[in-house]
Amino acid sequence: MPAMPEVTGVEHSEHDLATGVRVHVAAAGPPDAPPVLCLHGWPQHWWSWREVIAELRDERRMLCPDLRGLGWSGLPADDDFRKDRLADDAIALLDVLGVDRARLVGHDWGAWAAIHAALRAPDRFSSVLVMSGGSPWVPQAVAARNAHRLAYQVPLALPFAGSRLVRDGAFPRKVLEVERRDGRRWQPYELETYLAVLRDPATAHASSKLYRDFLLRELPAAAAGRFRDRRFTIPARMLHGRRDLLGLDMTKGFPGEVEIVEEAGHFLPEEVPALVADRIRAM
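Okay, so let's go over this structure. Computed from a predicted model, the values in this text were never measured in an experiment.

Here the focus is the packing of helix H2 (residues 83-97) against helix H3 (residues 109-120). H3 packs onto H2 with a crossing angle of 65° between their chain directions and a minimal axis gap of 8 Å. For the element pair H2 / H3, the angle class is roughly perpendicular. As for how H2 packs across H3, the hand of that crossing is right-handed. Mapping the contact onto sequence places Lys83, Asp84, Leu86, Ala87, Asp88 and Ile91 in H2 and Trp109, Trp112, Ala113, His116, Ala117 and Arg120 in H3. Grouping the amino acids of the contact of H2 with H3 by side-chain chemistry returns 7 nonpolar, 1 polar and 4 charged.

And the structure:
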C-alpha cells in the first residue's frame, strides 16, 4: 500500500469491528466536540474529506473511516459489499469508538450506506446528510428512464475483468476527471493519491464487488420496493450537484430536504467544501 497522505491535525487508528473487518479511521478535531461520521464513496477514500476537515477541525470531531476493502481498511470476512453491510460497519465503529450518537454524512456509496444506517439505527444518529448518491426511493418509471446513467457500472462489476479495470487505473481516472464539473481540474498528486491505492489487488477486488453486489442484489431489491414504506425519523438532507452526471431525476422521492448545488458536479466535498461544511454545521 502507498504511504498515508498527510492532513494537518489528522490522527490515524485501526479498529477490529464486530462485523469482521479491520477499519482504518482518520480523525480530527477536539475529542469532546460534536462527532461527525463521514462515509466516502468510490473511487476515493477518507482523504476526500480533507478540505471539509480543514473547515471544521476546530469545532467538530471529524471521524472519517475508509469503507471496508477501500483505502487502508481491510477486506471483510464475509466478502459482502452490500451497502447495508457498510452501514453495519458504521454502527459497529461507533460502538468501538464509544460514540453514543453522531451526525452522519455520506457521499456516493457512502451516501447509500448512510441512508441504510440512518433508517436502521436512528437512535445512533442525530441527523443525516447525503451527497451525490441518488435516492433509492426514485419511482420505477423515473429509474427506468435514467438506467443509461448506470451503464458505466457494468464493466466494473464483472468478475475478474472489473478488478483488472480498476488496477489499470484508466477507468477510475476517467470517472474522477469526467465527474468533477466545477470548472477546475484535479492536480496530478490528487489523482495519484486515489489511483495508487486502487492498484492494490484487494482494493481492486473490493471496488468491483461494490458494484457487483449493487447491480445483482441491491438494485433489484430497491426496484421491487424495499424502501417504499421506509422513512427517516431524524432530520435528513440531500445535496446534489446540478452538473452531476447521475442527473437530477435520480434525487426524486427522497424523504427529506433536497438542495441542488449550482455549478457543481459529483465530488461535492472537494468541489464545494465550504458549503458542505456549512451544511454539517447546521445538522
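Count 3.6 residues to each turn of an α-helix, and residues three or four apart come out pointing the same way. Every buried residue of helix H11 (residues 273-281) is accounted for by Pro273, Val276, Ala277 and Ile280. Along H11, the residues classed as buried sweep out an arc of 100° about the axis, all on the same side. Buried residues belonging to H11 abut strand E3 (35-39), helix H1 (50-56), strand E5 (102-107), strand E6 (125-131), strand E7 (236-241) and helix H10 (268-271).

Taken as a whole and judged by the stated rule, the model has 0 disulfides. No disulfide involves Cys38; its sulfur sits 4.3 Å from the nearest other cysteine sulfur, which is in Cys64.

Now for the sheet that holds E5. The mixed open sheet is built from 8 strands, whose spatial order is E1-E2-E4-E3-E5-E6-E7-E8. Here the strands that pair on one side only, and so sit at the sheet edges, are strand E1 (11-16) and strand E8 (257-261). Looking at each pair of strands side by side, their axes are set apart by 20° on average, direction ignored. Taken together, the 3 bridges between E3 and strand E4 (residues 61-65) define a ladder with parallel strand orientation. In the sheet register, Leu37 faces E4, and the bridge partner there is Leu63. Packing against the sheet, H3 makes contact with E3, E5 and E6, and its axis sits at approximately 145° to E5. Along the sheet, H11 makes contact with E3, E5, E6, E7 and E8, crossing E7 at roughly 170°.

On a regular strand, each side chain points to the face opposite its neighbour's, so the side chains alternate between the two faces of the sheet. Among the 7 residues that make up E6, 6 are buried, leaving the element largely enclosed by the rest of the structure. For the segment spanning E5, H3 and E6, crossover handedness is right-handed. Examined bridge by bridge, E6 and E7 share 4 bridges and lie parallel to one another. Its bridge partner being in E7, Val128 is matched across the sheet by Ala236.

What follows is about the environment of Leu129. Relative to the helices and strands, Leu129 resides in strand E6. Judged by relative accessible area, which is 1%, Leu129 ranks as buried. Sequence separation between Leu129 and Met238 is 109 residues; the distance between their C-alpha atoms is 5.8 Å. Not counting residues up to four positions away in its chain, the partners in contact with Leu129 are Leu104, Val105, Gly106, Arg237, Leu239, Arg279, Ile280 and Met283.

Let us now look at the packing of aromatic side chains. Using the criterion set out here, one finds 15 aromatic pairs in the structure. Note on Trp137 and Phe227: the rings are 5.6 Å apart at their centroids and 65° apart in plane angle, and the pair reads as edge-to-face. Of this pair, Trp137 sits in the loop between E6 and helix H4 (140-145) while Phe227 is found in the loop between helix H9 (201-223) and E7, placing the two residues 90 residues apart along the sequence. Taken individually, Trp137 and Phe227 each receive the classification buried, so the pair is uniform in this respect. On the basis of an interplanar angle of 80° and a centroid distance of 6.0 Å, the ring pair of Trp137 and Phe254 is categorised as edge-to-face. With Trp137 in the loop between E6 and H4 and Phe254 in the loop between E7 and E8, this pair connects stretches of sequence that are 117 residues apart.

Conventions we followed
- Residues numbered from 1 in each chain as written.
- Predicted model: local features only at pLDDT ≥ 70, side-chain atom pairs only at ≥ 80, totals over all residues.
- Heavy atoms only, no water.
- Axes fitted to C-alpha atoms, helices over the stretch in contact; angles between N-to-C directions.
- Helix = DSSP H or I, 4+ residues; strand = E, 2+ residues; numbered from the N terminus.
- Parallel < 35°, antiparallel > 145°, perpendicular 65-115°, else oblique.
- Left-handed = near helix turned anticlockwise from the far one by under 90°.
- Contact = heavy atoms within 4.5 Å.
- Nonpolar A, V, L, I, M, F, W, Y, C, P; charged D, E, K, R; others polar.
- Buried < 20%, exposed > 50% of the residue type's maximum accessible area, 1.4 Å probe, protein only.
- Arc of directions from axis to C-beta.
- Disulfide = S-S within 2.5 Å.
- Pairing = 2+ DSSP bridges.
- Right-handed = clockwise from strand over helix to strand, strands pointing away.
- Phe/Tyr/Trp six-rings, centres within 6.5 Å; stacked < 30°, edge-to-face > 60°.

Taken by themselves, the reported measurements are silent on function.
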